[in-house]
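Listed here are the chains, written in short residue letters.
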Amino acid sequence: MAYSYDPQNIFARILRGEIPNKTVVETAHTLVFHDIRPHAPVHVLAIPKGAYVNLDHFAAEASAEEIVDFHRTVAKVIADLGLAGETGYRGITNAGRDGMQEVPHYHLHILGGRLMGRLIDPA
Ligand code: AMP
């Protein structure tokens, strides 16, 4: 699969420091920041710093170091935000047209702080 990445997408611009963000944590390969239009009391976005358009691109082509850094950072954020264990949270990633992805840079939504309801809202 050949993936094409748009370097002008908004998260690429955040990573280049062209647009501000409310950072939760930053590591060598990962940035976690607050979603600008939160859908829950906690709504953060975890993104790799590398140029990956979506989950399958990241999973197929990122280095082991990037993949480990991303997921360890996500685990730490989930714990730090008080969502680990029984409390729980929802992790969502959207891809492409059917996933209704708005920003073409891989991101994992982490939502919590309320009951999330059923997974799919029928269209
Ligand atoms: P998606 O539909 O999965 O591509 O979600 C994109 C998410 O990015 C949405 O929840 C937006 O609210 C969020 N978003 C867009 N621009 C910004 C920004 N500048 N800072 C933080 N979050 C943003």
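Structure: see above.
All of the points below concern the structure found in this document. (Residues numbered from 1 in each chain as written. Predicted model: local features only at pLDDT ≥ 70, side-chain atom pairs only at ≥ 80, totals over all residues. Heavy atoms only, no water.)

## A closer look at the nonpolar core
Worth spelling out the cut-off: Among buried residues, the Ala, Val, Leu, Ile, Met, Phe, Trp, Tyr and Cys ones that are joined through side-chain atoms within 4.5 Å form a nonpolar core. Relative accessibility decides the category of a residue: with a 1.4 Å probe and only protein chains considered, values under 20% of the type maximum give buried, values over 50% give exposed, and everything between is partly exposed. Going along the chain from the N terminus, every DSSP run of H or I of four or more residues is numbered as a helix, and every run of E of two or more is numbered as a strand. It only takes one pair of heavy atoms within 4.5 Å for two residues to be counted as in contact.
Counting residues in hydrophobic clusters, the biggest one holds 15 residues, and the most contacted among them are Ala46, Phe58, Phe70, Val74, Tyr106, Leu108 and Ile110. Elements with a contribution of two residues or more to this core: β3 (42-48), α3 (64-80) and β5 (108-112). If you tally residues by element for this core, the top one is α3, at four residues. Other than its neighbours up to four places away in sequence, Phe58 contacts Pro48, Tyr52, Glu66, Ile67, Phe70, His71 and Tyr106. The next biggest cluster of nonpolar side chains, apart from the first, holds eight residues, and it includes Phe11, Leu31, Leu45 and Ile47.

## Considerations on the side chain of Gln101
Test applied: The definition of a polar contact used here is a pair of N or O atoms within 3.5 Å, where within protein one atom must be able to donate a hydrogen and the other to accept one, and adjacent residues in sequence count solely through side-chain atom pairs.
Mapped onto the secondary structure, Gln101 falls in the loop between β4 (90-92) and β5. There is a polar contact of 2.9 Å between the side chain of Gln101 and the backbone oxygen of Val53. Only 2.9 Å separates the side chain of Gln101 from the backbone oxygen of Val103, close enough to count as a polar contact. If near-sequence neighbours (up to four positions away) are discounted, Gln101 is found in contact with Val53, Asn54, Asn94, Ala95, Gly96 and His107.

## Side note on α3
Rule in force here: A helix is expected to span 1.5 Å multiplied by its residue count minus one. Think of the arc as the fan of directions from the helix axis to the C-beta atoms.
For α3, with 17 residues, the first-to-last C-alpha span of 24 Å sits near the 24 Å given by 1.5 Å per residue. Residues of α3 that are buried: Glu66, Asp69, Phe70, Thr73, Val74, Val77 and Ile78. End-on view of α3: buried residues confined to an arc of 165°, all on one side of the axis. Opposite the buried face of α3, by more than 90 degrees, sit the exposed residues Ala64, Glu65 and Arg72. The inward-facing, buried residues of α3 abut β1 (23-26), β2 (30-34), β3, α2 (55-61) and β5.

## What to know about the environment of His43
Counting through the fold element by element, His43 comes out in strand β3. Once the C-alpha coordinates of His43 and Leu15 are considered, the two residues, 28 residues apart in sequence, prove to be 19 Å apart. In this structure His43 touches His34, Asp35, Arg37, Pro38, His109, Ile110 and Leu111, once residues within four positions along its chain are discounted. Of note is the side chain of His43, whose polar atom sits 3.0 Å from the backbone nitrogen of His39.

## As for the packing of aromatic side chains
The cut-off we apply is this: In summary, the pairing rule links any two rings of Phe, Tyr or Trp, Trp by its six-membered ring, whose centres are within 6.5 Å, and it sorts them by plane angle into stacked for under 30 degrees, edge-to-face for over 60 and tilted for everything else.
Here the structure, examined in full by the defined rule, presents five aromatic pairs. Centre to centre, the rings of Tyr52 and Phe58 are 5.4 Å apart; their planes meet at 75°, and the pair counts as edge-to-face. Looking at Phe58, the relative accessible area reads 2%, which means it is buried. Between Phe70 and Tyr106 the ring centres are 5.4 Å apart and the planes differ by 40°, which places this aromatic pair in the tilted class. Separated by 36 residues along the polypeptide, Phe70 in helix α3 and Tyr106 in the loop between β4 and β5 bring together distant segments of the chain. Taking the relative accessible area as the measure of exposure, Phe70 reaches 0% and is therefore buried. One aromatic cluster is present, formed by Tyr52, Phe58, Phe70 and Tyr106 through successive ring pairs.

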